[in-house]
Amino acid sequence: MFGGRRPSYHVVKGEKEETMGLSCGLIGLPNVGKTSVFNALVGAGGVVANYPFSTVETNIGVAVVPDVRLSTLTKIFHSQKVTPSTLEVRDIAGLVQGASHGEGLGNQFLAQIREVDVLLHLVRCFPDSNVMHVAGDVNPARDIEVIESELLLADLATLERRRERIEKRAKTGDAKLRVEHDLVRRLEELLNEGQWLYGKAFSVEEQSLLKDYQLLATKPVLFVANVSEEMKEDDPLVQSVMEVGRQKGIRTILLAGQTEAELATLSEADRAEFFQALGLKESGLQKLIAAANEMLGLITFFTAGEEESRAWTIQKQTIAQEAAGKIHSDMQRGFIRAEVFSYADLMACGSPAAVREKGLFRLEGREYIVQDGDIMYFRFNV
Ligand SMILES: Nc1nc2c(ncn2[C@@H]2O[C@H](COP(=O)(O)OP(=O)(O)OP(=O)(O)O)[C@@H](O)[C@H]2O)c(=O)[nH]1
Ligand SMILES: [Mg+2]
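Residues numbered from 1 in each chain as written. Chains lettered and ligands numbered in written order. Predicted model: local features only at pLDDT ≥ 70, side-chain atom pairs only at ≥ 80, totals over all residues. Heavy atoms only, no water.

### Observations concerning the overall build of the protein chain
- A count of helical and extended segments in the protein chain gives 14 helices and 13 strands.
- Partitioning the intrachain contacts of the protein chain with sequence separation of at least 6 by distance along the chain shows that 71% fall at a separation of at least 24. (Helix = DSSP H or I, 4+ residues; strand = E, 2+ residues; numbered from the N terminus. Contact = heavy atoms within 4.5 Å.)

### What to know about the environment of L95
- Residue position: L95 is located in the loop between β5 (86-91) and α3 (106-114).
- When the C-alpha positions of L95 and L29 are compared, they lie 5.1 Å apart, and in sequence the two are 66 residues distant.
- The residues contacting L95, other than those within four sequence positions of it, are G28, L29, P30, L110, I113, I147 and L151.

### So, the environment of I299
- Tracing the sequence through the fold places I299 in strand β9 (residues 298-303).
- Placed 12 residues apart in sequence, I299 and A311 show a C-alpha to C-alpha distance of 9.9 Å.
- Every residue in contact with I299, bar those within four places of it in the chain, is listed here: W312, T313, I314, Q315, K316, V370, Q371 and D372.

### Examining the confidence of the model for the protein chain
- Here the protein chain shows a mean pLDDT of 85. Residues at 70 or above account for 87%.
- Per-residue pLDDT stays below 50 along residues 1-8; that stretch engages in 15 contacts with residues further than four places along the chain or on separate chains.
- Throughout residues 13-19 the model reports pLDDT below 50, and contacts reaching past four residues in sequence, or to other chains, amount to 15 contacts. (pLDDT = per-residue confidence, 0-100.)

### Structural notes on a positive patch on the surface
- Together, R161, R165, K168 and R169 give the surface a local cluster of positive charge.
- Residue position: R165 is located in helix α4 (residues 140-169). (Patch = residues over 30% accessible without salt bridge, like charges linked within 9 Å, V, L, I, M, F, W, Y side chains within 5 Å. Areas by Shrake-Rupley, 256 points an atom, 1.4 Å probe, with all protein chains shown as cover. Salt bridge = Lys/Arg side-chain N within 4 Å of Asp/Glu carboxyl O. Lys, Arg positive; Asp, Glu negative; His and termini not counted. Charge placed at Lys NZ, Arg CZ, Asp CG, Glu CD.)

### With respect to the pattern of salt bridges
- In total, this model carries 18 salt bridges according to the counting rule given.
- Among the ionic pairs, R69 bridges to D67, the shortest N-O distance being 2.9 Å.
- Residue classification places R69 among the buried residues on the basis of a relative accessible area of 17%.
- R90 is the partner of E88 in a salt bridge, and the nearest nitrogen-oxygen pair spans 2.7 Å.
- Among the ionic contacts, a cluster of salt bridges with common partners joins D67, R69 and D372. (Buried < 20%, exposed > 50% of the residue type's maximum accessible area, 1.4 Å probe, protein only.)

### Some words on the packing of aromatic side chains
- Per the counting criterion, the structure on display carries five aromatic pairs.
- Each ring, one from F301 and one from W312, has its centre 6.3 Å from the other, and the planes form 15 degrees; the classification is stacked. Here the residue F301 occupies a position in strand β9, and W312 occupies one in strand β10 (residues 308-315), the gap between them amounting to 11 residues.
- Taking relative accessible area as the criterion, F301 reaches 0% and is therefore assigned buried.
- Relative to F378, the ring of F301 has its centre 6.2 Å away and its plane inclined at 85 degrees; by these criteria the two rings are edge-to-face. In this pair, F301 is assigned in strand β9 and F378 in strand β13 (residues 374-380), connecting sequence segments 77 residues apart.
- Look at F378 and you get buried, because its relative accessible area is 8%.
- Across the ring face of W312, the terminal group of R310 is positioned such that the distance to the ring centre comes to 4.0 Å.
- A cation over an aromatic ring shows up here: R356 above the ring of F361, its NZ or CZ 3.9 Å from the ring centre. (Phe/Tyr/Trp six-rings, centres within 6.5 Å; stacked < 30°, edge-to-face > 60°. Lys NZ or Arg CZ within 6 Å of the ring centre and 35° of its normal.)

### With respect to the nonpolar core
- The biggest cluster of nonpolar side chains holds 76 residues, and the ones touching the most others in it are L41, I113, L120, L151, L187, Y213 and L288.
- Of the residues forming this core, the biggest block, nine residues, is contributed by α4.
- Ranked by size, the runner-up nonpolar core spans 15 residues in total, among them W312, M331, Y368 and M376. (Core = buried A, V, L, I, M, F, W, Y, C linked by side-chain atoms within 4.5 Å.)

### Things to note about helix α10 (residues 284-295)
- Here α10 is 12 residues long and its end C-alpha atoms lie 16 Å apart, about the 16 Å a rise of 1.5 Å per residue gives.
- All of the buried residues along α10 are G284, L285, L288, I289, A291, A292 and N293.
- Count one or two residues on from α10 and you reach G297, which has phi positive near 70 degrees. (Expected span 1.5 Å × (residues − 1).)

### Re helix α11 (residues 320-327)
- Within the span of α11, buried status applies to A320, Q321, A323 and A324. Along the long axis of α11, the arc covered by the buried residues comes to 160 degrees, so they all point the same way.
- Against β9, α12 (329-333), β11 (335-342) and β13 lie the buried residues of α11. (Arc of directions from axis to C-beta.)

### Overview of the packing of α4 against helix α5 (residues 175-192)
- Closest axis-to-axis distance for the α4/α5 pair is 10 Å, and the angle between their directions is 155 degrees. Our classification of the angle between α4 and α5 gives roughly antiparallel. Judged by the sense of rotation from one axis to the other, the crossing of α4 with α5 is left-handed. Where α4 abuts α5, its residues L152, D155, L156, L159, E160, R162, R163, I166, E167 and R169 lie against L177, E180, H181, V184, R185, L187, E188, L191 and N192.
- When the residues that make up the contact of α4 with α5 are grouped by side-chain class, the tally is eight nonpolar, two polar and nine charged. (Axes fitted to C-alpha atoms, helices over the stretch in contact; angles between N-to-C directions. Parallel < 35°, antiparallel > 145°, perpendicular 65-115°, else oblique. Left-handed = near helix turned anticlockwise from the far one by under 90°. Nonpolar A, V, L, I, M, F, W, Y, C, P; charged D, E, K, R; others polar.)

### Concerning unusual backbone geometry
- Even without being glycine, N31 reaches a positive phi, approximately 65 degrees.
- With respect to the element layout, N31 can be found in the loop between β2 (23-27) and α1 (34-42).
- The phi dihedral of Q317 falls on the positive side, at around 75 degrees, and the residue is not glycine.
- Here Q317 is to be found in the loop between β10 and α11.

The structure is reproduced here in structure tokens:
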């Protein structure tokens with residue numbers, strides 16, 4: 001089903017190896033603003049045009065993860081260099097009704113959605129009559145339904161093939177096959193009800209089967225309501241997105257796509273001034289990246305010093321020795337111990353020296369589970 005042409009990509013900023021290999025993918029109907037939001041996230045690049053399917057090749061870029069803690073550390077340590085952490089973003093071509101049967105740009109793009117770790121489902125809420133909507137009018141709840149049913153139909157096709165194969169082999173009476181058969185039936189039922197599988201409880205055995213199936217419905221999703229600047233949460237169109245989100249347990253984030261894409265071309269100082277003028281603390285983009293990171297189960301630790309302050313993203317539950325390996329394989333191999341204090345303690349005490357005086361500076365071994373906001377130095381010997 002997903003055979004044929006290999007997906008093709010257009011790398012907007014080639015820093016892919018800098019990321020963890022985790023990525024979020026922008027999905028949605030054609031012409032809803034995916035490339036605009038992509039440009040806002042990665043700070044430039046993709047073709048924005050007022051016609052459907054203006055994006056054919058997936059754009060890949062790297063978004064900087066904003067973190068005020070890093071700026072604070074840079075000031076405290078007088079660091080000459082600052083390196084934020086990054087997140088890969090993919091801008092995928094628009095999906096239309098029938099995509100699961102090959103309509104529009106069809107299956108090829110479902111295959112590309114399969115490759116990402118978090119889905120950012122972009123939903124048009126902005127009214128602009130100059131921008132055509134593939135269905136003729138702006139109706140967020142209907143649009144969400146179109147996209148989701150294509151994803152669910154693609155999954156159902158996968159499951160049907162699985163089930164047929166299991167049923168052929170079932171005559172052997174293998175107990176494992178029965179477990180799998182039950183699972184496939186249950187999944188089919190859930191998908192037929194239009195339910196999303198992410199967040200549902202599965203046994204360890206089921207989880208390992210699920211991994212094999214690579215279902216789209218197991219991916220975490222965020223709804224991104226693409227709004228015009230003046231639209232707020234109380235807007236009826238935004239409310240309709242949030243209502244669908246509440247029913248499905250999916251969080252909604254508001255983003256003024258076009259405005260943020262324009263702002264992305266300004267200097268950081270000008271941008272900050274603009275947000276202040278609007279009475280906003282952070283942009284929708286910052287909220288979006290933070291939410292995507294959270295859904296990926298990522299946390300941040302820091303290294304800080306005069307030379308450089310840097311944010312590192314790791315999976316929750318990562319042990320100190322593995323975290324050291326993020327920085328350099330030698331550090332992991334020759335790991336001796338980690339010297340750790342928390343960002344919160346640094347803020348409470350005011351300086352690294354005060355943290356030491358209060359006895360809040362810790363020595364930790366290789367098995368220490370790194371916490372979000374840890375500031376770490378690794379001792380190693382190779
Ligand atoms: N008024 C308004 N227009 C927007 C906004 N976001 C995007 N647009 C316009 O909508 C049109 C489509 O935007 P794109 O970013 O190319 O949309 P896309 O989803 O990537 O489209 P395809 O790649 O064709 O699927 C362009 O004319 C944009 O300028 C917005 O927030 N407000
Ligand atoms: Mg596009």
